[in-house]
Amino acid sequence: MPYASGDASERIGQRIAAARKARGLTQLQLALRVPCSKSLIAQVERGHKPATPSLTAGVARALGVRLEQLTGQPYEDPHRGRVRATVPDIQTSMLSWDLPEEDLPVRSFDALAADVARASALGRKARYATLGTLLPPLLDELSAACHSADGGEREKLFGLLAEAYSGVTAIAYTVGYFDLRSQAMDRVQWAARESHDPLRVGRTQWQRATLFLQAAAYGRGMRLLDRVRHDLGEDIGRMAAPELSMHGSVHLRSAMFAARDGNAATARAHLDAAADTARLLGRDANHYGLEFGPTNVAMHRLGVAVELHDGPEIGRLMRRTRLPTDVAPVRAGRWYMDAAKGWLDYGNRDKAFTALQAARRVAPEQTRNHPQVRETVHALIRLQRYGSEPLSGFAAWLGIT
């Protein structure tokens, strides 16, 4: 495997400083390339502020380095690397997409669909180690089934295969294997096209847009999302429920792109359009794994506020928003991670640490592997506002010494 483990005890800011100096750039020169303020680069390098995902992606693009060189992923897992250990078998199955085993027994469509549903449920729960163990034999069997089937069942099988490949993208993103994630995304798009399901194809383009986030290519990502929305149309009054979920999800992702690009007005316009769509849908739904509804709109409002460093909005959302008990753990985990970053920026370190603890409770594998969590913990350690035991215990759990 061509991946090197990162030192979890080293901050992203330290890696940014090293990469900047290796290219002979001053802090001001790097800031002009990102672009951002020189003071932000200085504060991140010194550890006075945690590096946001958007800044890290922008610096990687500006310096011409791989994103994982700055995040330090994949991290050494203090819990025996259970998620990472599943990657070699997943990669072998990914490489064998056009080499189905001819003598592999293939179960019925219903049995395969049940396993794909189980895989999707594991992804919703952020149980990536178990998902990574399930996926390789399932991908092999689905590939064999797709190549031997014909007619309508073949198209439905390719829909299942696209959904299973999406599980690979989730694992790859979690542990920071960005090349594997891009490869898996190509497989998702191929299988979706073979399914001849327009909504599934649209869903894969929505999913593909995240690759532009990690590349800090916000304009291109917005154009891709605009194309998906154009294909759907804008008359939400005539849309069926799955189309509403797609339409609203595209607006939510567009809001995040606009926020990372510093365009607050556009971000809020997309949030409002998504809210209108959610009201028409009337509930939280999970069409094509999109998890769209009023709850997801509220979560994205927080994500946008964090990206825009809007402290008053962060405080308002945290006071007024209560997550439903049945929200997907992977979504709740992200909510609490954003809340921690937001509270830290807003100056409330106690609530920031409480949010990190909540993220760990609902989605431990996701929390342990997320760069934003590590950056927030590094900042809290430096600020020295906690008794050593709770925070040092959390840091040790992450592998930070």
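Cut-off values and rules
Residues numbered from 1 in each chain as written. Predicted model: local features only at pLDDT ≥ 70, side-chain atom pairs only at ≥ 80, totals over all residues. Heavy atoms only, no water. Helix = DSSP H or I, 4+ residues; strand = E, 2+ residues; numbered from the N terminus. Contact = heavy atoms within 4.5 Å. 1 Å grid on protein atoms, 1.4 Å probe; cavity = no way out; pocket = protein on both sides within 12 Å on 5 of 7 lines; lining within 4 Å. Points joined across faces, edges and corners; volume = space filled by probe spheres on them. Core = buried A, V, L, I, M, F, W, Y, C linked by side-chain atoms within 4.5 Å. Buried < 20%, exposed > 50% of the residue type's maximum accessible area, 1.4 Å probe, protein only. Axes fitted to C-alpha atoms, helices over the stretch in contact; angles between N-to-C directions. Parallel < 35°, antiparallel > 145°, perpendicular 65-115°, else oblique. Phe/Tyr/Trp six-rings, centres within 6.5 Å; stacked < 30°, edge-to-face > 60°. Lys NZ or Arg CZ within 6 Å of the ring centre and 35° of its normal. Salt bridge = Lys/Arg side-chain N within 4 Å of Asp/Glu carboxyl O. Expected span 1.5 Å × (residues − 1).

Trainee: What exactly am I supposed to notice about the side chain of glutamine 205 here?
Mentor: Inspection of the secondary structure assignment puts glutamine 205 in helix H11 (residues 198–214). In this structure glutamine 205 touches Gln189, Leu224, Arg227 and Val228, once residues within four positions along its chain are discounted.

Trainee: For this particular structure, what's the right way to read the environment of phenylalanine 158?
Mentor: Along the chain, phenylalanine 158 turns up in helix H9 (residues 151–175). Taking the C-alpha atoms as reference, phenylalanine 158 lies 28 Å from asparagine 296; in sequence the two are 138 residues apart. Dropping the residues within four chain positions of it, phenylalanine 158 is found in contact with Cys146, Trp190, Ala191, Glu194 and Ser195.

Trainee: Teacher, can you tell me more about the layout of surface pockets here?
Mentor: The rolling of a water-molecule-sized probe over the atoms marks out the regions of remaining empty space. Counted as a void, the second largest pocket has a volume near 580 Å³. Surrounding the second largest pocket, 28 residues form its lining, Leu40, Thr52, Ser54, Leu55 and His309 being those nearest its centre. If you list the elements that add at least two residues to the lining of the second largest pocket, you get helix H4 (53–63), helix H13 (241–260), helix H15 (294–307), helix H17 (329–346) and helix H20 (371–383).

Trainee: Explain the nonpolar core here, please?
Mentor: The nonpolar side chains of a soluble globular protein tend to be buried, and buried together. Of all hydrophobic cores here, the largest spans 43 residues; its most connected members are Leu135, Leu142, Leu161, Tyr165 and Val168. If you list the elements that add at least two residues to this core, you get helix H6 (87–95), helix H7 (109–124), helix H8 (128–148), H9 and helix H10 (178–195). It is H9 that provides the largest number of residues to this core, a total of eleven residues. Setting aside residues no more than four positions away along its own chain, leucine 142 makes contact with Leu112, Val116, Leu160, Leu161 and Ala164. One finds Ala60, Leu67, Phe212 and Leu225 within the second-largest nonpolar core, a separate group that totals 36 residues.

Trainee: How do you make sense of unusual backbone geometry when you look at a structure like this?
Mentor: Across the chain, the bulk of peptide bonds are trans and the bulk of non-glycine residues have phi less than zero. Residue proline 35 follows valine 34 across a cis peptide bond; omega there is -5 degrees. With respect to the helices and strands, the residue proline 35 is situated in the loop between helix H2 (27–33) and helix H3 (38–46). For the bond from glutamine 73 to proline 74, the omega torsion is -5 degrees, close enough to zero to count as cis. Structurally, proline 74 can be placed in the loop between helix H5 (67–71) and H6. In this model, histidine 196 sits at a positive phi of 55 degrees, which is unusual for a non-glycine residue. Mapped onto the fold, histidine 196 is located in the loop between H10 and H11. Classification of histidine 196 as exposed rests on a relative accessible area of 53%.

Trainee: Would you explain the packing of H11 against H13 in this entry?
Mentor: At a minimum axis distance of 11 Å, the contact between H11 and H13 shows a crossing angle of 10 degrees. It follows that H11 is roughly parallel to H13 by the angle criterion. Seen from H11, the contacting residues are Leu199, Gly202, Arg203, Trp206, Gln207, Ala209, Thr210, Phe212 and Leu213; seen from H13, they are Pro242, Glu243, Met246, Ser249, Val250, Arg253, Phe257 and Arg260.

Trainee: Just checking my understanding: could you explain the packing of aromatic side chains for this structure?
Mentor: Think of a pair of aromatic rings as described by two things: how far the centres are apart, and how the planes are tilted against each other in angle. In this structure the tally under the stated criterion is six aromatic pairs. Look at tyrosine 218 and phenylalanine 257: their rings are 6.3 Å apart centre to centre, the planes differ by 75 degrees, and that puts the pair in the edge-to-face class. One end of the pair, tyrosine 218, is in helix H12 (residues 218–232); the other, phenylalanine 257, is in helix H13, with 39 residues separating them in the sequence. You can call tyrosine 218 buried: its relative accessible area is 10%. Residue phenylalanine 257 is classed as buried on the basis of its relative accessible area of 0%. Every member of this aromatic cluster is reached through a ring pair, and the members are Trp97, Phe158 and Trp190. Here the basic side chain of lysine 156 rests over the ring of phenylalanine 109, its NZ or CZ set 4.8 Å away from the ring centre. Across from the ring centre of tryptophan 397, 4.2 Å away, lies the NZ or CZ of arginine 360, which sits over that ring.

Trainee: Before we go on, may I ask you to explain the pattern of salt bridges in this structure?
Mentor: Opposite charge on two side chains permits them to pair, given that their charged atoms come into close proximity. Throughout the structure, instances matching the rule amount to 19 salt bridges. Here aspartate 179 and arginine 66 are joined by a salt bridge, their closest N and O atoms 2.8 Å apart. Of the two residues, aspartate 179 sits in helix H10 while arginine 66 sits in the loop between H4 and H5, which places them 113 residues apart along the sequence. Across the pair arginine 260 and glutamate 307 runs a salt bridge, and its minimum N-O distance is 3.2 Å. Of this pair, arginine 260 sits in helix H13 while glutamate 307 sits in helix H15, placing them 47 residues apart in sequence.

Trainee: Explain H8 here, please?
Mentor: For H8, spanning 21 residues, the distance from its first C-alpha to its last is 30 Å, which sits close to the expected 30 Å at 1.5 Å a residue. Most of H8 sits inside the fold, with 15 of its 21 residues counted as buried.

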